[in-house]
Amino acid sequence: MVSFSTIHLRKQAMKTETVGIIGAGAIGQAFARQLVNSGLNVILSNSRGPDSLAEVVNALGDRARAGTVQQAAEAGIVFVSTNWSSTEAALSGLSWSGRILIDATNPVILPGFTLAELGGKNSSQVMTQWAPGARVVKAFNTLLASVLAQDPAQAGGRRVVFISGDDAGAKSEVEALAARMGFATIDLGSLETGGHLQQFPGGPLPALNLVKLA
């Protein structure tokens, strides 16, 4: 059981007040809304440029602004929710050294929802190759956008977010971020182990909507 004092300490442990988002589709916008609702600032970006996001950031309010992908990637924590086919290009040419990268992507090839060719790895392991130096944490990819957008407080508990990663410090910061937004977390271990469990298609956890009771 996680006490309210523990949640408070996790909130205090966060080292950033601004989160960058690369990919401003339904998942990116839902995540941005949760960040803003919890008092954090957000920089939204996409491949079409800041002007295309004017309406979105206006709806989110003063804590949100549109930026370039470069500007979003300069935040201490960067949330990536791009289509898999464009993810490598979105991450290339950016400085990732020491930054926390939340991998919310799924390696889906459209049409057909088939699994991309990953060379025997899972998508988060591939992400570490595309963003050298990043501290990759797999999280928030298993919830549908419509679920992610809802209040995390449900049925007397908190909606669960699965996380996995190879950097303990990065996972702790993502746990603190999730707690600040009102989510509970379940740590699945390493990217090799947890990444396979979280991955869609193929893993058993995507689309599960679990609530952790207090």
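### Observations concerning the pairing of strand β11 (residues 184-187)
- With four bridges joining them, strand β10 (residues 157-165) and β11 adopt parallel strand pairing. Bridging from a neighbouring strand, Ile 163 pairs with Asp 187 of β11.
- After leaving β10, the chain enters helix α8 (residues 168-181) and then returns to the sheet as β11, a path that is right-handed.

### Digging into the environment of Gln 34
- The residue Gln 34 is located in helix α2 (residues 26-37) in this model.
- Here Gln 34 falls in the buried class, since its relative accessible area comes to 4%.
- With 159 residues separating them along the chain, Gln 34 and Thr 193 place their C-alpha atoms 28 Å apart.
- Excluding residues within four positions of it along the chain, Gln 34 makes contact with Leu 148, Ala 149, Gln 150, Asp 151, Pro 152, Met 181 and Phe 183.

### Overview of the nonpolar core
- If you look at the biggest cluster of nonpolar residues, it comprises 35 residues, and the most contacted ones within it are Phe 31, Leu 35, Leu 44, Ile 102, Phe 140 and Leu 177.
- In this structure, Val 78, Leu 118, Ala 131 and Val 136 belong to the second largest nonpolar core, which totals 21 residues.

### Notes on the packing of aromatic side chains
- Per the stated rule, a full pass over the model turns up six aromatic pairs.
- Ring centres of Phe 31 and Phe 79 lie 3.8 Å apart, and the angle between their planes is 5 degrees; on these two criteria the pair is classed as stacked. Taken together, the residues Phe 31 in helix α2 and Phe 79 in strand β4 (residues 77-80) connect sequence positions 48 residues apart.
- The exposure class of Phe 31 is buried, given its relative accessible area of 0%.
- Note on Phe 79: relative accessible area 0%, which makes it buried.
- For the ring pair Trp 84 and Trp 130, a centre distance of 4.8 Å and an interplane angle of 35 degrees mean the geometry is tilted.

### Topic: helix α9 (residues 191-198)
- Within α9, the full set of buried residues consists of Leu 191, Gly 194, Gly 195 and Gln 198. Looking straight down α9, one finds that the buried residues subtend no more than 105 degrees of arc, so they occupy a single side.

### Regarding the side chain of Asn 122
- By the secondary structure assignment, Asn 122 is in the loop between β7 (114-115) and α6 (123-130).
- A polar atom in the side chain of Asn 122 sits 3.1 Å from the backbone nitrogen of Ser 124.
- Among the polar contacts listed, one links the side chain of Asn 122 to the backbone oxygen of Leu 191, at a separation of 2.8 Å.
- Apart from the residues lying within four places of it in its own chain, the contact partners of Asn 122 are Leu 191, Glu 192, Gly 195, His 196 and Gln 199.

### Structural notes on the pairing of β10
- Among the nine residues that make up β10, nine are buried, leaving the element largely enclosed by the rest of the structure.
- Both strand β8 (residues 135-139) and β10 contribute to a ladder of three bridges, which runs antiparallel. By the bridge assignment, Ala 139 is partnered in β10 with Ile 163.
- Taken together, the two bridges between strand β9 (residues 153-154) and β10 define a ladder with antiparallel strand orientation. By the bridge assignment for β10, Ala 153 is matched with Arg 158.
- Turn length for the β9-β10 hairpin, with the two strands adjacent in sequence and antiparallel, is two residues, and the turn residue Ala 155 shows positive phi of about 55 degrees.

### Comments concerning unusual backbone geometry
- A cis geometry characterises the amide bond from Leu 110 onward to Pro 111, with omega recorded as -5 degrees.
- With respect to the helices and strands, Pro 111 occurs in the loop between β6 (108-109) and β7.
- The amide bond that connects Phe 200 to the next residue, Pro 201, takes the cis arrangement and shows omega of 0 degrees.
- Along the polypeptide, Pro 201 turns up in the loop between α9 and β12 (211-213).
- A positive phi is found at Phe 113, a non-glycine position, where the angle reads about 55 degrees.
- Mapped onto the elements of the fold, Phe 113 is located in the loop between β6 and β7.
- Assessed through its relative accessible area of 53%, Phe 113 is described here as exposed.
- Although it is not a glycine, Phe 140 adopts a positive phi angle of roughly 70 degrees.
- Take Phe 140: it is sitting in the loop between β8 and α7 (145-148).
- For Phe 140, a relative accessible area of 1% translates into the label buried.

Definitions and cut-offs
Residues numbered from 1 in each chain as written. Predicted model: local features only at pLDDT ≥ 70, side-chain atom pairs only at ≥ 80, totals over all residues. Heavy atoms only, no water. Pairing = 2+ DSSP bridges. Helix = DSSP H or I, 4+ residues; strand = E, 2+ residues; numbered from the N terminus. Right-handed = clockwise from strand over helix to strand, strands pointing away. Buried < 20%, exposed > 50% of the residue type's maximum accessible area, 1.4 Å probe, protein only. Contact = heavy atoms within 4.5 Å. Core = buried A, V, L, I, M, F, W, Y, C linked by side-chain atoms within 4.5 Å. Phe/Tyr/Trp six-rings, centres within 6.5 Å; stacked < 30°, edge-to-face > 60°. Arc of directions from axis to C-beta. Polar contact = N/O pair within 3.5 Å; in protein donor to acceptor, adjacent residues only side chain to side chain.

So yeah, pure geometry; function would need other evidence.
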